[in-house]
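Structure at a glance
Okay, here's what each chain looks like letter by letter:
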Amino acid sequence: MKDGETTEGPDRHATGASAAGPGAGGPGAGGPGAAGARAAADVAQGEPGADGVGGGPGAGASGTRPNEGGPGADAPGVPFDPRVFDRTVAAVAVLAGPEDRLIYTNAAFTRLFGARRTGVPARVAFPDADGHRFLGVLDSVRGTGRGRQVVGERRTDPGAAGQARHFVYSCSPVTTAEGPGILVLAMDTTAEARTLQRYEALVSAVSHMVWVRGADGSMEEIVPGWERLTGAPWHPRADEGWYARIHPRDREPLREAWRRAAGSGGVFEAAFRVRAADGSYRHLATRSVPVLRDGRITEWVAATADVEDAWGTRLRERLLAQVAAVSGASLHEAFAEVVKVVVPELTDACLILLLSHDEWPLPAHAGVTARRIASATRPGLPAPPALRGQRVAVTPAVREVLDRRTPVTFPLEAGGPVPPGLIPTVSERWLIASGATSLTLIPLIVDDLVLGYAATSSNGDTPVPGPAETELLREVLHHAQRPIRMVLDLQRARRTALSLQRAHLTEPPPVRGGALAARYQPASPSGEIGGDWYDAFTLPDGTLVLDIGDVAGHDLTAATAMGQMRSMLRALAYAGGPEAMPDSVLARLDQVSAGLDTAPLATALLTALRRRADGTWLLTWSNAGHPPPLVVPAHGAVRHLFGAVDPPLCVAPDLPRTTRAHVLRPGDTLLLYTDGLIETPSAPIDEGLRRLVAEAARCRGRPLPDLLRVLQDLSDHRDDTAMLAFRLDDAP
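About the criteria used
Residues numbered from 1 in each chain as written. Predicted model: local features only at pLDDT ≥ 70, side-chain atom pairs only at ≥ 80, totals over all residues. Heavy atoms only, no water. Helix = DSSP H or I, 4+ residues; strand = E, 2+ residues; numbered from the N terminus. Buried < 20%, exposed > 50% of the residue type's maximum accessible area, 1.4 Å probe, protein only. Contact = heavy atoms within 4.5 Å. Areas by Shrake-Rupley, 256 points an atom, 1.4 Å probe, with all protein chains shown as cover. Axes fitted to C-alpha atoms, helices over the stretch in contact; angles between N-to-C directions. Parallel < 35°, antiparallel > 145°, perpendicular 65-115°, else oblique. Left-handed = near helix turned anticlockwise from the far one by under 90°. Nonpolar A, V, L, I, M, F, W, Y, C, P; charged D, E, K, R; others polar. Pairing = 2+ DSSP bridges. Phe/Tyr/Trp six-rings, centres within 6.5 Å; stacked < 30°, edge-to-face > 60°. 1 Å grid on protein atoms, 1.4 Å probe; cavity = no way out; pocket = protein on both sides within 12 Å on 5 of 7 lines; lining within 4 Å. Points joined across faces, edges and corners; volume = space filled by probe spheres on them. Salt bridge = Lys/Arg side-chain N within 4 Å of Asp/Glu carboxyl O. pLDDT = per-residue confidence, 0-100. Expected span 1.5 Å × (residues − 1).

This part covers the overall build of the protein. Each helix and strand counted, the protein has 19 helices and 27 strands in total. Within the protein, buried positions represent 49% of all 732 residues. Taking the contacts inside the protein whose residues are at least 6 apart along the sequence as the reference set, 61% of them involve residues at least 24 apart. When the accessible area of the protein is evaluated, it comes to approximately 33,100 Å², of which 54% is carbon and sulfur surface.

Okay, the packing of helix α11 (residues 331-342) against helix α14 (residues 467-479) next. Remark: α11 packs on α14, axes separated minimally by 11 Å, with the N-to-C direction vectors making an angle of 155°. Accordingly, the angle class assigned to the pair α11 and α14 is roughly antiparallel. In the crossing of α11 with α14, the sense of the turn from one axis to the other is right-handed. Mapping the contact onto sequence places V338, V341 and V342 in α11 and L473, V476 and L477 in α14. Residues that form the contact of α11 with α14 fall into these classes: 6 nonpolar, no polar and no charged.

Sheets are built from strands paired through backbone hydrogen bonds, the pairs being either parallel or antiparallel. With respect to topology, 6 strands assemble into an open sheet ordered β14-β13-β12-β17-β16-β15, the strand pairing being antiparallel. Where the open sheet ends on each side, the last strands, each with one partner, are β14 (391-393) and β15 (408-411). Each neighbouring strand pair of the sheet contributes to a mean axis angle of 25°, computed without reference to strand direction. Contacts from helix α13 (residues 425-433) reach β12 (349-355), β13 (369-377), β16 (436-446) and β17 (449-459) within the one sheet, and its direction differs from that of β17 by about 25°.

For the coordinates displayed, the defined rule picks out 16 aromatic pairs. Both rings, one in F109 and one in F113, keep their centres 4.8 Å apart while their planes meet at 50°; by these two values the pair is tilted. With a gap of 4 residues between them, F109 and F113 both fall in helix α3 (residues 107-113), about one helical turn apart. With a relative accessible area of 1%, F113 lands in the buried category.

What follows covers the environment of A652. Of note, A652 is situated in the loop between β24 (639-640) and β25 (660-664). Given the relative accessible area of 22%, A652 is considered partly exposed. Along the backbone, A652 and A587 are 65 residues apart, and their C-alpha atoms lie at a distance of 9.8 Å.

Approximately 900 Å³ is the volume attributed to the largest pocket. If you go around the largest pocket, you meet 37 residues; those closest to its centre are H283, E308, W311, L346 and E469. At the level of secondary structure, the elements contributing two or more residues to the lining of the largest pocket comprise β10 (281-293), α10 (308-324), β16, β17 and α14. For the lining of the largest pocket, a count of residues per class yields 11 nonpolar, 15 polar and 11 charged.

Along strand β22 (residues 617-624), 7 of the 8 residues are buried, which leaves the element largely enclosed by surrounding structure. In this structure, strand β21 (residues 602-611) lies alongside β22, joined through 8 bridges in antiparallel fashion. Note that in β22 the partner of L605 across the bridge is N623. Turn length for the β21-β22 hairpin, with the two strands adjacent in sequence and antiparallel, is 5 residues, and the turn residue G615 shows positive phi of about 90°.

Pairs may arise between side chains of opposite charge once their charged atoms sit close together. In this structure the tally under the stated criterion is 27 salt bridges. Here R255 and E240 are joined by a salt bridge, their closest N and O atoms 2.7 Å apart. Here the residue R255 occupies a position in helix α9 (residues 248-264), and E240 occupies one in helix α8 (residues 240-243), the gap between them amounting to 15 residues. What makes E240 exposed here is its relative accessible area of 55%. One salt bridge in this structure joins E252 and R259, with 2.7 Å as the shortest N-O distance. Here the residues in one salt-bridge network are E240, E252, R255, E256, R259 and R260, joined through shared partners.

This next bit is on the confidence of the model for the protein. Confidence in the prediction of the protein, expressed as mean pLDDT, is 82, and 83% of residues score 70 or more. Low pLDDT (under 50) marks residues 4-76, which in the prediction has 141 contacts with non-local residues, meaning those over four places away or in another chain.

This part is about helix α19 (residues 704-712). Looking only at α19, the buried set comprises L704, L707, L708, V710, L711 and Q712. Structurally, α19 contributes buried residues whose contacts are with β18 (514-521), β26 (669-673), α18 (685-698) and β27 (721-728).

Let's shift gears to empty space enclosed by the protein. In this approach, a probe sized like a water molecule rolls over the atoms, and the result shows the empty space that is left. Inspection of the entire model under this criterion finds 6 cavities of 30 Å³ or more. Of the pockets and cavities examined, the largest cavity occupies roughly 90 Å³. V545, A573, G577, A580 and A608 are the residues nearest the centre of the largest cavity, which is lined by 14 residues in total. The set of elements that each furnish at least two residues to the lining of the largest cavity consists of α17 (582-596) and β21.

Another aspect to go through is the packing of α10 against α14. At a minimum axis distance of 8 Å, the contact between α10 and α14 shows a crossing angle of 25°. Regarding the angle of α10 to α14, the classification is roughly parallel. Between α10 and α14 lies a crossing of right-handed hand. Note on element contacts: α14 touches α10 through L472, E475, V476 and H479, opposite L315, R316, L319, L320, V323 and A324. Tallied by class, residues from the contact of α10 with α14 come to 7 nonpolar, 1 polar and 2 charged.

Taken in spatial order, the 5 strands make up an open sheet running β19-β20-β21-β22-β25, and their pairing is antiparallel. Where the open sheet ends on each side, the last strands, each with one partner, are β19 (531-538) and β25. On average, each strand axis in the sheet is tilted by 15° relative to the strand beside it, whichever way the strands run. In terms of strand pairing, strand β20 (residues 544-551) meets β21 through 8 bridges, oriented antiparallel. Each bridged residue has a counterpart across the sheet, and for G549 the counterpart in β21 is A604. Each of β19, β20 and β21 touches helix α16 (residues 556-576); the most contacted strand, β19, lies at about 25° to it. Lying on the sheet, α17 is in contact with β21 and β22; it crosses β22 at an angle near 30°.

With that settled, the discussion passes to α16. Helix length check: α16, at 21 residues, gives a terminal C-alpha distance of 30 Å against a target of 30 Å (1.5 Å per residue), a fit within 8%. Residues of α16 that are buried include every one of A558, A559, A561, M562, G563, M565, R566, M568, L569 and A573, and no others. At the C-terminal side of α16, G577 shows a positive phi close to 75°.

Next up on the list: the pairing of β10. The two faces of the sheet receive side chains in turn, since in a regular strand these alternate between them. Pairing geometry for strand β9 (residues 268-275) and β10, over 8 bridges, is antiparallel. Paired with F268 across the two strands is S288, which belongs to β10. Counted between consecutive antiparallel strands, the loop separating β9 from β10 contains 5 residues, among which G279 sits at a positive phi close to 95°. Relative to strand β11 (residues 296-306), β10 runs antiparallel, the two being bridged by 10 bridges. By the bridge assignment, A285 is partnered in β11 with A305. Following β10, the chain reverses through 2 residues before pairing antiparallel with β11; D294 in that reversal takes a positive phi of roughly 55°.

Written as structure tokens, this is what we have:
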């Protein structure tokens, strides 16, 4: 017999690692090996066994439990007949006399330990190489009168590991017919031990840690792995010492999850981050089930796995998919969506700064600046400052980051200063106020062009990002280059279209007896351009022709149609001469545009101004569905010239059109404009007209360029805006 460590009396910790395989002596002592140990001890103490035999050896007339100090050699008792154990499942042997002669073994004992000679001393009956351990236990029981419980294993063939048999046995003092003796009772726990070994091997193969949490908060590790992961010994209680290894923002959610599970008695599941031995955080997933005894939860058995790789893969795929779906007609809009993808998943705050130069490498001595165009912060931090005034001169430190094209992290002391020149000053103050612990600069590159850089921060109790977190952040931002490239392409197309459009919108000519000014503003929140136009020219007799119009649509097609209609209107007005009335010219333009299918719809306002001998000017005009002209007199009320409004162009070319007339006096101003100046989605057009009247009256004395600049602010910039103004000289 090969024995393991002996223990005094029936103890739950008797099933040490030598009996039940790896880890059996730890928190999992309630496993299969321990169950066998307790069953054998119960039989040895007179408890009913699996075979129904009651009253174990030593429970005879004396009625004493062997492990409680049964009758010794000097305490005579009533002898018992060991044959009551002939058919028990437990292996039983009885020894008697000072030499511990073997006087009895049952069949179960023979199956477990092999045939033994009876009638001979124990040292002869058990000549095994390690039999001295068993003999020592016998000597201890005989000498102290107290029972002993032992675990061990038996090999029928020492060279065949698969033949090992696990067992637990007890030795108890009894009274035999031959005098004081010792009852040996053993239980085969091989099946239980192998089951536990297989479970432990399976769990170890899938990198699970298995642990038990008691109702009082105590914790025992069954399948170890905590120290290997964290570099710290297993913490035996679920208190602040254990939570200190948990990511700060995962602690309270984890506590709350435990409280909910304990209150409901259901399965506990959670994912949280644990600080690893190298200082980084790794994601763990745990699942714990309650163990009920007598209808009460006495403990929780939990399996915990390191899921960092799987979590990182899922997060990476999700974020890359989100950033690939970013849209926006401008860089501001696109990057505003990008920062929402990375905050708070990868960083606490993110600023996007674009360079003032789009050439690379940057000019060596040029004053390059970076302007913040987007930002986002995680909940719980102070709101970021407004975007206005968010500029910073590009310093050598930033140039070096951009030249190397690799992220650089600057550790910060919470509430301490920020290295100057990396981000705008107002953002530096925000980092200090928000308790930033690090600042990372990440170049933004599209098609080998460095557009600018992202500045991300960790704040408060957030750990400084490690290489893995920084690389994932860099990859996500780099993946945004596809939607950003689309925005850049749209911007290039828009610049081309704007150049085409501005080529048509020439400077107004000088006019004797008055002044002209024009202004064109494309829509700011989109990459589209509209079909707005204006034109001013004089006929041979000095008649001043002013026209303004708007082709439906916001694309290159609309801009092209605008150029065609403006050119046709100029040609028709010039060819018609001073005698041609505005209504006849617009009617002819309507017929030509419809015949050539120039545009689906357009509005236009054509005016002709003739200077008269008294210093006044006669204004005639025809309106094809366009907003009415505005007159700002030198003195008196500002008002619109409503009159007749005919249908837009390209709708009903055969309908007759009308011409209206008005006299302008010295100092009066005539304003033509497109609907982008007065129309907003949130207010009716009448309100826009009233606002224009009020603002024009307030600024009537300003020079024409200043007047147009002020009026431009009435627009919400959702649509293109064109304005053309003519002011008569004060003196005739």
